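Each chain is listed here by its residues.
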Amino acid sequence: MKRLYRTLLISLLISILIVSAQPLELAAAQSGGTTIYVVQAGDTLYSIAQRYGIDVNALAEANGLVNPDQIYVGQSLAIPAAASTSNSPSVNRIHTVQPGDTLFSIAVTLGVNPQAISAANHLSKRDWVFVGQQLAIPINTQSPSIAQPGTPLPAPFISIDIGPQPLQQGSLMVITVRTTKPATLSGTFISQTIPFALENNQYIGLAGVGASPVTGVKPGLYAVNVSAIDGNGTQTTVSTNVQITAGHFNFEYINLPPDRQDLLDPTLLAYERDKLNAVWTVFNPVRYWHGLFNVPVDHYTRISSPFGTRRSYDGGPFTSYHEGTDFAIPAGTPVYAPADGVVVVAELLTVRGNAIVIDHGWGVFSGLYHLQSFNVTVGQVVHQGDLVALSDNTGLSTGAHLHWDIRIRGLNVNALFFTQQVYP
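Chains are numbered independently. Their residues run from 1 in the order of the written sequence. Predicted model: local features are reported for residues with pLDDT of at least 70 only, side-chain atom pairs are reported and counted for 80 or more only, and whole-chain, interface and lining totals are derived from all residues. To get the side-chain values, take all heavy atoms of the structure and skip hydrogens and water.

1. Some words on the sheet that holds strand S17 (residues 310-313)
Ordered by their spatial adjacency, 3 strands build an open sheet running S15-S17-S18, and the pairing between neighbours is mixed. Two strands close off the open sheet at either side, each with one partner strand: strand S15 (251-254) and strand S18 (320-321). As paired elements, S17 and S18 share 2 bridges and run antiparallel to each other. By the bridge assignment, Arg311 is partnered in S18 with Ser320. Here a strand pair is declared whenever DSSP counts at least two bridges between the two strands. Note on conventions: DSSP H or I runs of at least 4 residues are helices, E runs of at least 2 residues are strands, and numbering of each starts at the N terminus.

Structure follows, in structure tokens:
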């Protein structure tokens, strides 16, 4: 009898060893017509749902999971029969975000519409991707996509917001970042490097959306990257995409009088541009303005040339554009500071005539051109509404008016947006 018991015990041990030695094959097994999946290291409920081509909520409900984030290695999950009977491949594959990836570059590389990736992962236009994040990539964009909740940002990021939406050619993009601890932030948008300033425990960066018909931003989807370097020198970069829509611009022909034809000399234009770029590209981390800007004249007959207007000079192609807003006013009309700032230019320029440039801080500059005389000097602090000049018809101009433009570190945006929207 003892020998029989010993034989049975040995047989039982051998059976257990044989079963435990079998590969799990994705840790799944059939049990009474239901697929059982055993959670592996690195699994999330969302990645399991994507593997089987089912909705994550259906998977959570089938297993009575109150908190889908709390699954553990070795846990057995029942895969709903609707998904398990055919054992067909999922409609998604998984892409792990690599350094330098953006949603747009992933879409181009994998040949998938970026909107389809956004839909498959429940990414809004304001959501970010980061290195190591797993994205569901639809194999067939006609198939229903698998929804995945937004993934928390990696440390030290708490939140990153981009606004105001929608962005369009000639508008201003404001990036607001909150972090768990102090960090050095920087960003990129197309060819721009974006500096950040710290205010009220959040970091704010500004970027203009170019409107030039030659070098401006074309309508479409573009990547925005934000990097943070913490006190230990560790850099973390996240990326998202923003949709840029087309601006609505006029077209106009300009015929210059004979005495001003020479002002279109490319050498003169380049010299003046380089001179002013040395001013515009300086980033002042101090912000002087708050609230809405004012239009710099009390009254004007009309806006004679809106921002972004495509221009043809003397019958040439429409390769030029209006970098500001022109207000038709008589010569000698008072011109006021549109917002607080510091005067950084007050001199006669070849193309812009008598010119004033005001630094409002954070890379934002106002230009007031074609003036008659100045009431300010370089280095002077001005406040919104201060009289700074009188209008006229100096420089490259065909009549008395005031030209007002705003630049973000040298890139023109529509100044009137600042009178309608508080930035940031």
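Read on, since the account is not over.
2. Topic: helix H5 (residues 103-110)
Note that an α-helix has 3.6 residues per turn; residues three or four places apart therefore point the same way. Each residue's exposure class comes from its accessible area (1.4 Å probe, protein chains only) as a fraction of the maximum for that residue type: buried when under 20%, exposed when over 50%, partly exposed otherwise. Those residues of H5 that sit buried are Leu103, Ile106 and Ala107. For H5, the angular spread of the buried residues around the axis is 100 degrees, confining them to a single face. Exposed and oriented more than 90 degrees from the buried face of H5 are Val108 and Thr109. Residue Gly111 follows H5 closely and has a positive phi angle near 70 degrees. Think of it as the arc spanned by the lines of direction from the helix axis to the C-beta atoms.

3. Comments concerning the pattern of salt bridges
Any Lys or Arg side-chain nitrogen located within 4 Å of an Asp or Glu carboxyl oxygen qualifies as a salt bridge. The final tally for this structure, using the stated rule, is 8 salt bridges. Of the charged contacts, one joins Lys275 and Glu347 as a salt bridge, the two residues approaching to 3.6 Å between their closest N and O atoms. Taken as a pair, Lys275 in helix H7 (residues 266-280) and Glu347 in strand S21 (residues 341-349) lie far apart in primary sequence, 72 residues in all. Looking at Lys275, the relative accessible area reads 35%, which means it is partly exposed. A salt bridge links Glu323 to Arg352; its shortest N-O distance comes to 3.7 Å. Taken together, the residues span a long stretch of sequence, with Glu323 in the loop between S18 and strand S19 (325-328) and Arg352 in the loop between S21 and strand S22 (353-361) at a distance of 29 residues. In this structure Arg352 comes out as buried when scored by relative accessible area, which is 13%. By sharing partners, the salt bridges in this structure join Glu272, Glu323, Arg352 and Arg407 into a single network.

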